[in-house]
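Coordinate inspection notes
The residues making up each chain are set out below.
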Amino acid sequence: MKTMKKLTAILLIVAMMLTLGACSKKSDDADDSIKIGVMSTRTGENSLWGDVIYQTVQLLADDVNENGGLLGGRKIEILSYDNRDDVVETTNVARKAILNDGVCAFIGCEASATTIALVDVATEYKVPVISTMATNTKVTMTDDGKVRPYAFRACLNDPQSGTILGQYTVEKLGYKNVAIIYEIGSDFSLGVSGQYAEAVEGAGGTVIAKEAYNTGDVDYRAVLTKIKESGDFDCLYIAAGYYKQIGLIANQARELGITQPLLSTEGTMSGGIFEIAGDNVNGIIFNVACVTKAPGVDELLEKFIARWGYDPSVDVAPDCYMACDAFKLLTGAIEKAGSTDPVAIRDALEATENLQGLTCSITFDPATHNVYRQVPIYQIVDGEFKQLELYDLHA
């Protein structure tokens, strides 16, 4: 009986070793697909931004596959995961993607809170993440100032974005006294408004008023009235992330007699803002994630429209372009690593320097995982987005 038990145990061990060996061999098999997870919001009112991330990545992956694939002929397999713009759902789906589906890396999410949840799980299993539009500093850095080793982003973070426009406000536009309206329940709004204020003061300006509204508010008149009555200011900075908020705030500011110039975030660049605010956003100045006019952009849009039947540049241009850059960063790292091993991909990502993205070259700072890229400043002029300045952001 003991002999049979020993034999059974030995056979089980042998079987496990063969299984592990087969798995190891499969990961290096040229016929095995390279599984990349795309985590984004595919249902609900924010699905517009999540859909374009998946659609852009899928389009680019198909193009790579048609041209020979990666690592000597391996095809890319894009696995889309709907996190429903929810932190708990993101955590649950991320574990499934890693443990059940075997993804070697993630692209996503489009929001900071869900991206941080994704990074927490991915770091546990040592799988790299490249976010498209998550701007909060906590995406790549911990509260105690340590870099999150498996977290990267294609876009600027809040401090970079807020700092650029804050400096531009004082140094280029000459506005010395500014007022700020921000969302108290939004990590994005808190981050970008704080850095904007710091940059304004660092450039010699003064924050005359800084007033907050609550998440979900649609009537901002009480907050805007406080700002109006706070004293003389040269401009109003709207630290909101979505064009609907920006448009409504612009409308109500003008209704209350606030005539000062408006500045805001990259959320301004959406065709939908004209339907909401019309002439009330004429003249508003903002920075965006990337250049929107370039030969590579035109080619991408042509293919996107042919595949998906709509033009992403109308409402979700930055999300589309950042998804493209995230894909280029990830596939470049896979080729550089020469492997689909997640740790090797992470190492290659961290060492990225002057990789050609959709519109400019991209470099990661290994110490912070901040991205350095050209940053354009835009203004709405007579219902059109006009580029004013182009900043080359360096480490």
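Below or above, wherever it landed, is the structure these notes cover. This structure is a prediction, so every number in the text was calculated from the model and none was measured.

Another point: helix 6 (residues 187-202). For helix 6, with 16 residues, the first-to-last C-alpha span of 22 Å sits near the 22 Å given by 1.5 Å per residue. Contacts made by the buried residues of helix 6 are with helix 5 (158-172), strand 6 (177-183), strand 7 (206-213) and strand 8 (235-239). Where helix 6 begins, the side chain of serine 186 points an oxygen toward the backbone nitrogen of phenylalanine 188, at a separation of 3.3 Å.

The subject of this paragraph is the pairing of strand 8. Counting buried residues in strand 8 gives five out of five residues, a clear majority hidden from the surface. Burial of strand 8 is two-sided: the residues Cys235, Tyr237 and Ala239 facing one way and the residues Leu236 and Ile238 facing the other way are all buried. Here five bridges tie strand 6 to strand 8, and the two strands are oriented parallel to one another. Across the sheet, the residue bridging to alanine 179 is leucine 236, located in strand 8. Crossover connection from strand 8 via helix 8 (residues 243-255) to parallel strand 9 (residues 262-264): handedness right-handed.

Going from glycine 108 to cysteine 109, the amide bond is cis rather than trans, its omega being 5 degrees. Structurally, the position occupied by cysteine 109 is in the loop between strand 3 (105-107) and helix 4 (112-124). Even without a glycine there, the phi angle at aspartate 85 is positive, about 55 degrees. Within the secondary structure, aspartate 85 sits in the loop between strand 2 (76-82) and helix 3 (87-99). Phi at aspartate 382 takes a positive value of approximately 50 degrees, unusual for a residue other than glycine.

Another aspect to go through is empty space enclosed by the protein. Tallying each qualifying case throughout the model produces one cavity of 30 Å³ or more. Taken as a whole, the largest cavity spans an internal volume of roughly 70 Å³. Lining of the largest cavity is provided by Thr135, Cys155, Leu156, Ser161, Phe188, Val192, Thr265, Glu266, Asn287, Val288 and Ala289. Residue composition of the lining of the largest cavity, by class: six nonpolar, four polar and one charged.

So, on to the sheet that holds strand 12 (residues 361-364). The three strands lie next to each other as 11-12-13, forming an open sheet whose pairing is antiparallel. Among the strands making up the open sheet, the edge pair consists of strand 11 (355-356) and strand 13 (371-372).

What follows is about the nonpolar core. Judged by nonpolar contacts, the single largest core of 99 residues is most densely connected at Ile107, Ile181, Leu236 and Tyr321. For this core, the element with the highest residue contribution is helix 11 (residues 317-337), accounting for 12 residues. Grouped together as the second largest cluster of nonpolar side chains are 17 residues, Met39, Val93, Val103 and Val121 included.

The strand order across the open sheet formed by five strands is 2-1-3-4-5, and the pairing between neighbours is parallel. A strand with exactly one partner marks an edge of an open sheet, and here the two such strands are strand 2 and strand 5 (151-153). Neighbour-to-neighbour, the strand axes of the sheet open up by a mean angle of 25 degrees, direction not taken into account. Where strand 4 (residues 129-131) and strand 5 come together, three bridges link them in parallel fashion. For isoleucine 130, the partnering residue across the bridge sits in strand 5 and is phenylalanine 152. Against the sheet, helix 11 engages strand 1 (34-40), strand 2, strand 3 and strand 4, with an angle of about 165 degrees to strand 3.

As a volume, the largest pocket reaches approximately 1,100 Å³. Taken together, 38 residues make up the lining of the largest pocket; nearest its centre are Asn46, Glu183, Gly241, Tyr242 and Gln245. Among the elements of the structure, helix 4, helix 6, helix 8 and helix 11 are those that each provide at least two residues to the lining of the largest pocket. Per-element tally for the lining of the largest pocket: the top contributor is helix 8, with four residues.

With that settled, consider the pattern of salt bridges. Applying the stated criterion across every chain yields a total of 14 salt bridges. For aspartate 62, the salt bridge goes to arginine 307, with nearest N and O atoms at 2.7 Å. Residue aspartate 62 is found in helix 2 (residues 47-66), and its partner arginine 307 is found in helix 10 (residues 295-308); the two are separated by 245 residues along the sequence. The partner of glutamate 255 in a salt bridge is arginine 221, with the nearest N and O atoms 3.1 Å apart. Here glutamate 255, found in helix 8, pairs with arginine 221, found in helix 7 (residues 221-228); they are 34 residues apart in sequence, far enough to count as distant. Residue arginine 221 is classed as partly exposed on the basis of its relative accessible area, which comes to 34%.

In total, this model carries 10 aromatic pairs according to the counting rule given. Ring plane angle 45 degrees and centroid distance 6.5 Å describe the contact between tryptophan 49 and tyrosine 243, whose orientation is recorded as tilted. Residue tryptophan 49 is found in helix 2, and its partner tyrosine 243 is found in helix 8; the two are separated by 194 residues along the sequence. Residue tryptophan 49 shares its accessibility class with tyrosine 243, and that shared class is buried. With centroids separated by 6.1 Å and ring planes inclined at 90 degrees, the aromatic side chains of phenylalanine 286 and phenylalanine 385 adopt a geometry described as edge-to-face. In this pair, phenylalanine 286 is assigned in strand 10 (residues 285-287) and phenylalanine 385 in strand 15 (residues 384-392), connecting sequence segments 99 residues apart. Note on phenylalanine 385: relative accessible area 28%, which makes it partly exposed. Here a set of aromatic residues connected by ring pairs shows up, and it is made of Phe274, Phe286, Tyr378 and Phe385. The ring of tyrosine 182 is capped by lysine 210, whose NZ or CZ atom sits 5.2 Å from the centre of that ring. The ring centre of tyrosine 150 lies 5.8 Å from the NZ or CZ of arginine 346, which sits over that ring.

Conventions and cut-offs
- Residues numbered from 1 in each chain as written.
- Predicted model: local features only at pLDDT ≥ 70, side-chain atom pairs only at ≥ 80, totals over all residues.
- Heavy atoms only, no water.
- Helix = DSSP H or I, 4+ residues; strand = E, 2+ residues; numbered from the N terminus.
- Expected span 1.5 Å × (residues − 1).
- Contact = heavy atoms within 4.5 Å.
- Polar contact = N/O pair within 3.5 Å; in protein donor to acceptor, adjacent residues only side chain to side chain.
- Buried < 20%, exposed > 50% of the residue type's maximum accessible area, 1.4 Å probe, protein only.
- Pairing = 2+ DSSP bridges.
- Right-handed = clockwise from strand over helix to strand, strands pointing away.
- 1 Å grid on protein atoms, 1.4 Å probe; cavity = no way out; pocket = protein on both sides within 12 Å on 5 of 7 lines; lining within 4 Å.
- Points joined across faces, edges and corners; volume = space filled by probe spheres on them.
- Nonpolar A, V, L, I, M, F, W, Y, C, P; charged D, E, K, R; others polar.
- Core = buried A, V, L, I, M, F, W, Y, C linked by side-chain atoms within 4.5 Å.
- Axes fitted to C-alpha atoms, helices over the stretch in contact; angles between N-to-C directions.
- Salt bridge = Lys/Arg side-chain N within 4 Å of Asp/Glu carboxyl O.
- Phe/Tyr/Trp six-rings, centres within 6.5 Å; stacked < 30°, edge-to-face > 60°.
- Lys NZ or Arg CZ within 6 Å of the ring centre and 35° of its normal.

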